[in-house]
Amino acid sequence: MNRLFSRHRAWLLPALIIALFFSVRPCYAATFETFLEPAKVVDISTPYRDRITVIHVRENDPVHQGTLLAELGTVVLKAQLAQAERAARFHGKIDAARSLVTMRRKKLRMLTALKKTGNARPQELESAKTELAIARADLQSALEQQQLKKAEAEVIKAQIKEKQLTSPIDGIVVTIYKQEAELIGGSDPQPLLTIAQLDPLHAVFHLPPEAAHFLKNKKQVPLLVAGQQVSGTIDFISPIIDAQSGTVTVRLILSNTDHSLDSGSRCTLVLNTTTGEPSHDRTGTEKPATDQGPLQ
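Overview of the structure.

Time to look at helix 2 (residues 75–89). Helix length check: helix 2, at 15 residues, gives a terminal C-alpha distance of 22 Å against a target of 21 Å (1.5 Å per residue), a fit within 8%. Within helix 2 the residues assigned to the buried category are L77, L81, A84 and A88. What you see down the axis of helix 2 is that its buried residues fit within an arc of 70 degrees, all on one side. Residues of helix 2 that are exposed and point over 90 degrees away from its buried face: V75, V76, Q83 and R89. Structurally, helix 2 contributes buried residues whose contacts are with helix 4 (122–162).

Right under this line is the structure:
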C-alpha cells in the first residue's frame, strides 16, 4: 500500500495545485469616468414681451423654490386692479334694486288682499306680478355685475403675479443674462437667468452591458470624486443599449447638502468586470479583484 501511494504521489501534488489554480478565477476592476452634473438646470424667462423693472438676485446667490427673482412692468396692471377692486365694492345699484324688489313685493301683497274683497282688478294684479319679476331680475343682474368685477380683479392679480418671476427650484443663480430696464420675453430666446440645482448632483455613466447587467436601482455604490471617497445611489438604468456606442446609460444621485462637491468634478466608478461589483480601488488602474458575486 505504501508503495502504491509513493508511486502516485509524484503526480498527485501537481494535479492539486493545477485544480486550485483554476478554481480561483482572476477578475479585474475597470474604471469608468464621467463628470458631476446639476440635478436640474432651469432657464427663467417669460412668454410676455415686457421690460425688467428690478432684479432681486445676483450671480451665485442661493435661492429657494418661490424666491422672487425679478419683476416686470406692472404699473398699468396695478392701476387696472385698483379700478376693478373699487368697482367691485360699489353697491349702489344693488341697494336700489333691492329697494325696488321690496316695494314691488309690498304692492303685490296689497293688490292680492284687495282682490279678495273685490277692490282690485285682475289686470292690476298681473301687472304687479310682472313688475316684481322685473325688479328681481334687475337685482340679480346687479349682483352678477359685482361678481364679474371681482373676477376681473382676480384675473388682473394673476397677470401681475405672472410678471413676478420666481424660482421653481432650490438652487444657485449661475448666470444673469439681462439687466434692469432691458426687454425680455416674446421672440427673444435669451432668458433672464439660469438656476442650477446642486443638491443633489447627478453622475451619468455609459457602461458596457455586461457591467450594467449586475447593477440594481436604489443600490449605493462607492465613487471617487476629486480624490474624495463618496457614495452614490443608482437612480436609473436604461432598459436599452445605445446602438451607436453599445453602452447602457446609468445615472447615480450624490447627496450634496453641505455643497462639498463641485458640479463638473471628475467622478470615477470602479467595477469588477466579471461580477459588476463596485471596487474601492483608488488607483484607477485595472488590477485583479476578488470575485464577490453580483450586486443585490
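Okay, the packing of helix 3 (residues 92–116) against helix 4 next. Between helix 3 and helix 4, the shortest axis-to-axis distance is 8 Å and the interhelical angle comes to 160 degrees. The angle between helix 3 and helix 4 falls in the class roughly antiparallel. Our pair here, helix 3 against helix 4, has a crossing hand that is left-handed. In terms of residue class, the contact of helix 3 with helix 4 is made up of 13 nonpolar, 2 polar and 11 charged.

As a further point, take the pairing of strand 3 (residues 50–55). For strand 3 and strand 8 (residues 183–184), the ladder comprises 2 bridges, and the chain directions are antiparallel. By the bridge assignment for strand 8, D50 is matched with I184. As judged from the 3 bridges shared by strand 3 and strand 5 (residues 68–72), these two strands associate in the antiparallel manner. By the bridge assignment for strand 5, I52 is matched with L72.

Of note, the bond from D199 into P200 is cis; its omega dihedral lies within 30 degrees of zero at 5 degrees. Looking at the element boundaries, P200 is found in strand 9 (residues 193–207). With phi around 85 degrees, A181 is a residue other than glycine that occupies positive phi space. Among the secondary structure elements, A181 is positioned in the loop between strand 7 (171–176) and strand 8. Of note, the phi angle at A226 is positive, near 50 degrees, even though the residue is not glycine. Relative to the helices and strands, A226 is located in the loop between strand 10 (220–225) and strand 11 (228–237). Looking at A226, the relative accessible area reads 67%, which means it is exposed.

The tally for this structure, following the rule as stated, stands at 12 salt bridges. Here R49 makes a salt bridge to D188, at a shortest N to O gap of 3.9 Å. Of this pair, R49 sits in the loop between strand 2 (37–44) and strand 3 while D188 sits in the loop between strand 8 and strand 9; the two residues are 139 residues apart in sequence, bridging distant segments of the chain. Across the pair E126 and K129 runs a salt bridge whose closest N-O atoms are separated by 4.0 Å. One end of the pair is E126 and the other is K129, both in helix 4 and 3 residues apart, which spans about a single turn. We classify E126 as partly exposed; its relative accessible area is 46%. Overlapping salt bridges bring together R49, K178 and D188 as one network.

Taken together, the 4 strands give an open sheet; going across it, the order is 6-5-3-8, and neighbouring strands pair in antiparallel fashion. Single-partner strands in this sheet number two, and they are strand 6 (164–166) and strand 8.

Taken together, the 2 bridges between strand 4 (residues 62–63) and strand 7 define a ladder with antiparallel strand orientation. Of the residues in strand 7, the one forming a bridge with V63 is G171.

A rise of 1.5 Å per residue sets the reference length of helix 4, with its 41 residues, at 60 Å; its end C-alpha atoms lie 60 Å apart and thus fit the reference within 8%. For helix 4, the set of buried residues is L125, A128, L132, A135, L139, A142, Q146, A153, I156 and I160. Where helix 4 is buried, its residues meet helix 2, helix 3 and strand 6.

Relative orientation of the contacting elements helix 2 and helix 4 amounts to 160 degrees, with a least axis distance of 8 Å. With respect to helix 4, the axis of helix 2 lies roughly antiparallel. Between helix 2 and helix 4 lies a crossing of left-handed hand. Across from L77, K78, Q80, L81, A84, E85, A87 and A88 in helix 2, the residues of helix 4 making contact are Q146, K149, K150, E152, A153, I156, K157, Q159 and I160. By residue class, the composition of the contact of helix 2 with helix 4 is 8 nonpolar, 3 polar and 6 charged.

What counts, and at which threshold
Residues numbered from 1 in each chain as written. Predicted model: local features only at pLDDT ≥ 70, side-chain atom pairs only at ≥ 80, totals over all residues. Heavy atoms only, no water. Helix = DSSP H or I, 4+ residues; strand = E, 2+ residues; numbered from the N terminus. Expected span 1.5 Å × (residues − 1). Buried < 20%, exposed > 50% of the residue type's maximum accessible area, 1.4 Å probe, protein only. Arc of directions from axis to C-beta. Contact = heavy atoms within 4.5 Å. Axes fitted to C-alpha atoms, helices over the stretch in contact; angles between N-to-C directions. Parallel < 35°, antiparallel > 145°, perpendicular 65-115°, else oblique. Left-handed = near helix turned anticlockwise from the far one by under 90°. Nonpolar A, V, L, I, M, F, W, Y, C, P; charged D, E, K, R; others polar. Pairing = 2+ DSSP bridges. Salt bridge = Lys/Arg side-chain N within 4 Å of Asp/Glu carboxyl O.

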